[in-house]
Every structure is written in C-alpha cells, then in structure tokens.
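# Residue-level structure breakdown
The lines below spell out each chain.
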Amino acid sequence: MSNKHFATRAIHAGQEPDPTTGAIMTPVYQTSTYVQTSPGRYIDNFDYSRSANPTRTALEANLASLEGGKHGICFASGVASLAACIHLLSAGDHVLLCDDVYGGTFRMFNNVFEQLGINFTRVDMTNAALTRAAFTGKTRLVWLETPTNPMLKIVDIAMVTALAREKGALSVVDNTFATPYLQNPLALGADIVSHSCTKYLGGHSDLVSGALIVNDDDLAARLHYIQNAVGAVPAPWDCFLLLRSTKTLHVRMERHCANAKRIADYLADHSRVERVFYPGRSDHPQHAIAAQQMSDFGGMITMTLKGGLAESRTFLESLRLFSLAESLGGVESLIEHPAIMTHASVDADAREALGITDGLVRLSVGIEDADDLLGDLDQALSAIRTATPPAYKMAARS
Ligand code: P1T
C-alpha cells in the first residue's frame, strides 16, 4: 500500500474486508477482553483492549500510512498524545517549545510537567539563531506546531529537526493544522508526528482523539509501552468513526483550502480588518517556507479586527453560519476568540507578545459554499459599523 497515492491509502490502508463476513468496513470490536485457548495462548494476538483492539489497530495502520510512517499509536485525545511524548522524559530534562502553540499544550508543560521537574523554554522557532541559542545541555525534546495555533506562523521543519538531531534531542511536530494531506513532517526529519484527530482527521466535530506516528522501531515500542501503561486509549467506536473520516480527508482538505484562500483575500481587503494571517498569502512572513513544505495552505485563518473587544464581540455575535466554538477542522465553519477561549491559559504577557489581542479572531473555514460563507462574514463585519459608535462620539460623551 505504501507505493499507492494518498487518496488510495486514505481509503484502503490498514483495512481488509472482514474475513468472517466480508464486511467492507472494519467492524467496531466493542470488547474489553479476548478469550485465550490456554493461559498466554491467544487466538489472534489480542489479550486486552487497553493494549490493543482490532478497530484501533486498523486505524493506527491507516494513520501511519497517511503520514508515510511505519507505526501509528492512538490516544484518547490530542493532549494525551502530547503527554505520552513527555513520558519519554525524566525529571531534570529540558524541552524546547515553540512560542505559539495550542493553549492546552502550553498549560500541560507549564502546570503539569514542570511540577514533575521537566523544564521548558518557549522560543520563536521561525528564527533559526534564537532556536539554536535556546538549547541547553539538558534539552531532550523539541516540540513545535506549524502552522502554529493561533497565529499561523510557519516553522521550517527541516531546519528545526536538523538542529534537534545535532543536539541529541527528539523532535515532535504537531501536524494537526496541516494534516498529512498537506504536510509530512517525518519526511522533513521529525522523529514523531503528533495529531489531535479531533480536528481535520475526524473532520465532523463528533469525537475527541489523538495519534502519534513514528518510523523508528525502538521509539514505537517505547510509545506503545506508554500507551498501555498510562492507558489513555481511544474507544473502538471512535476509532471506527475516524477510519470512516480519513477516507474523505483529501477531498475535504481541497475544499477547506479553496474556501480559506477566497475568504483570506476577501478579509485582507476589508476596511474593518487590521491584518490577516494566512500562510497562502504572499504577505505572510513565512509564505515561502509554507510553499516549500506544504502542498497547500490549509483551512485556518487568523485576523485582527480594527478596534478591540467590543468590535470582536459584535462581529462574533452577528455571525450566522460560522459557529462561535472552540475546536477546528470540522466540515462546518467555526470561529473563536483565542484570548478568551483557546489561549486563556497562556499568560497575558506572552499573549500580548505573540499578538493574541482582544481584536484577534481565528476562523476554521468549513466546506460549505464559499459565497454563503463570504455573505455571512460580510454582514457580521457590517454589524460592527452600525453597532460601534464612531470615535468622535465616544470622545464627546466622556
Ligand atoms: O483537544 P485535543 O484533541 O486534546 O487536542 C489538543 C490539541 C493539540 N494540538 C493542537 C494544534 C490543537 O489545536 C489542539 C486542540 N485545539 C483546540 C481545541 C482549539 O480550538 O485550538
């Protein structure tokens, strides 16, 4: 299957028709345990569903194939995947963390693992010199997202993973925003690819799950050990839903990208919009790296509205098709306010430094009709105009 194109692997990798019934879909093996014919003698190598489950095994093979990796290891959430990577470390070890990451990723390093003696430093990984200088003698792991959440910065994966290798550290790339359809970090030197499958891989906003994909056999064995020993595994039903979803990933991503491109250009020209961050636009600071390491630019757009919280609230409350909600990557369009929602656990100074201001909103562009989405954004941006008094009136009142 590894010599087949992405669309074929998406539909077939890891899955054979059920040998007993011919069912084309891998069944939901809704079982916690498996009968043994004699102590330690298994019918098909399965003994207990925390260790392995056939529906999960099929999903793990499918995701590994999509990332061009050898091993997939699935978890109950994206943050459980992250935690499994940190369980590779010991107290006293140091982690280099990309400065702009999902708020829950930062929270786990800051509020959970630092207490256990695993220290970390945040660094702007779009800057090679700063990144090189941030390694310490104890740096054992480098964690990055690209595009980053929520500022959509693009990190040069080959550059950072080469630095990590030179310094003897493992590199992990959280590929949630790009998906394996647009970007394959293992091919660019990453040791581990991490996913929140809750997002584009699931694609329908109906499950929470995570995955790690690796090539190295020893690393895979250690992560499988942690998966079983720590135990945050996904349920068979969620694995089934994910297997169904990855079959359409390539088709969904094409529409996400096409819709986002049109919307980013529309927003960039709008008088109520201060700035648009979209890696597919030539005004994005790392557009050239994005064009090099991604096959297209994804469905996420971040923008700063002119004004502040009042303008953001008016805009977000006025939308009818875009739903105000955390998460991303579903077929339906979502929008959120990072400072109050997904990145509330990031300290205010860091938020400010990154540009996560009260005017910043993040769009997850769905696969609805682009004209309808543009119409919705247009009417909500107009609502700001009518709801917010002009500056001279505000001044007159005070
Ligand atoms: O929610 P969970 O499946 O545990 O995934 C965590 C996670 C990991 N990595 C990235 C890049 C993410 O964006 C997330 C979750 N993010 C959101 C819920 C959000 O709205 O940004």
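The model shown is predicted, which means the values in this text are computed figures rather than measured ones.

Turning our eyes to something else, we now look at the confidence of the model for the protein chain. Looking at the protein chain, the pLDDT average stands at 96 and 97% of residues meet or exceed 70. Within the protein chain, the element-level pLDDT minimum falls on helix α15 (residues 391–397), averaging 45, and the maximum on strand β9 (residues 210–214), averaging 99.

Here the residue pair T146 and P147 is connected by a cis peptide bond, since its omega of -5° sits within 30 degrees of zero. With respect to the helices and strands, P147 occurs in the loop between β6 (139–145) and α6 (157–166). Note that the residue after N149, namely P150, is joined by a cis bond; omega there is 10°. Following the sequence through the fold, P150 ends up in the loop between β6 and α6. Phi at N45 takes a positive value of approximately 70°, unusual for a residue other than glycine. Notably, S205 is not glycine yet its phi reads approximately 50°, a positive angle.

Taken as a whole, the largest pocket spans an internal volume of roughly 460 Å³. In terms of lining residues, the largest pocket is bounded by 18 residues, among which D18, Y29, D44, F46 and P54 are the most central. Its residues assigned to classes, the lining of the largest pocket shows 10 nonpolar, 5 polar and 3 charged. Put simply, the second largest pocket is a space of about 380 Å³.

What follows deals with the site of the ligand. Around the ligand sit 18 residues, and of these D174, S196, T198, S327 and R362 come closest. With respect to the ligand, the side chain of S196 contributes an N or O atom lying 2.8 Å from an oxygen atom. Across the complex, the protein chains shield 92% of the 470 Å² of accessible surface that the ligand would expose by itself. Of the pockets mapped on this structure, the ligand occupies the second largest pocket. Considering only residue class, the shell around the ligand consists of 4 nonpolar, 9 polar and 5 charged. Mapping the shell around the ligand onto the domain boundaries places at least three of its residues in each of domain 1 (6–246) and domain 2 (249–386).

One can read the domain layout of the protein chain as domain 1 (6–246) and domain 2 (249–386). The C-alpha-based centres of domain 1 and domain 2 are spaced at 26 Å. Contact with domain 1, which involves 44 residues of that partner, is made by 42 residues of domain 2. In this assembly, domain 1 packs against domain 2 so that about 3400 Å² is buried in total across both faces, 62% of it on carbon and sulfur atoms. Three residues, M151, L182 and Y200, lead the burial of domain 1 against domain 2; their summed loss comes to 23% of the area buried on that side. A salt bridge links R122 to D347; the shortest N-O distance between them is 3.2 Å. Summed over the shared surface of domain 1 and domain 2, the number is 19 residue pairs in polar contact (both at pLDDT 80 or more).

Strand order in the open sheet formed by 7 strands is β3-β9-β8-β7-β6-β4-β5, and the pairing between neighbours is mixed. Edge strands, defined here as strands with exactly one partner in the open sheet, are β3 (71–75) and β5 (119–123). Each neighbouring strand pair of the sheet contributes to a mean axis angle of 20°, computed without reference to strand direction. Where helix α4 (residues 103–113) meets the sheet, it contacts β4 (94–98), β5 and β6, and its direction lies at approximately 140° from that of β5.

A word on helix α2 (residues 54–66). When the terminal C-alpha atoms of α2 are compared, their 19 Å separation across 13 residues agrees well with the 18 Å that a helix rising 1.5 Å per residue should span. Counting buried positions along α2 yields 11 of 13 residues, so the element is predominantly enclosed. Where α2 begins, the side chain of N53 points an oxygen toward the backbone nitrogen of T55, at a separation of 2.9 Å. Backbone geometry just downstream of α2 places G68 in the positive-phi region, at approximately 70°.

Attention shifts here to helix α9 (residues 236–246). With 9 of 11 residues buried, α9 is to be regarded as a mostly interior element. When we look at burial in α9, the residues that qualify are P236, D238, C239, F240, L241, L242, L243, S245 and T246.

How each quantity is defined
- Residues numbered from 1 in each chain as written.
- Predicted model: local features only at pLDDT ≥ 70, side-chain atom pairs only at ≥ 80, totals over all residues.
- Heavy atoms only, no water.
- pLDDT = per-residue confidence, 0-100.
- Helix = DSSP H or I, 4+ residues; strand = E, 2+ residues; numbered from the N terminus.
- 1 Å grid on protein atoms, 1.4 Å probe; cavity = no way out; pocket = protein on both sides within 12 Å on 5 of 7 lines; lining within 4 Å.
- Points joined across faces, edges and corners; volume = space filled by probe spheres on them.
- Nonpolar A, V, L, I, M, F, W, Y, C, P; charged D, E, K, R; others polar.
- Near = heavy atom within 4 Å.
- Polar contact = N/O pair within 3.5 Å; in protein donor to acceptor, adjacent residues only side chain to side chain.
- Areas by Shrake-Rupley, 256 points an atom, 1.4 Å probe, with all protein chains shown as cover.
- Sits in = over half its atoms within 2 Å of the grid points.
- Domains from an automatic or database assignment.
- Contact = heavy atoms within 4.5 Å.
- Buried area = accessible area lost by both parts, 1.4 Å probe.
- Salt bridge = Lys/Arg side-chain N within 4 Å of Asp/Glu carboxyl O.
- Pairing = 2+ DSSP bridges.
- Axes fitted to C-alpha atoms, helices over the stretch in contact; angles between N-to-C directions.
- Expected span 1.5 Å × (residues − 1).
- Buried < 20%, exposed > 50% of the residue type's maximum accessible area, 1.4 Å probe, protein only.

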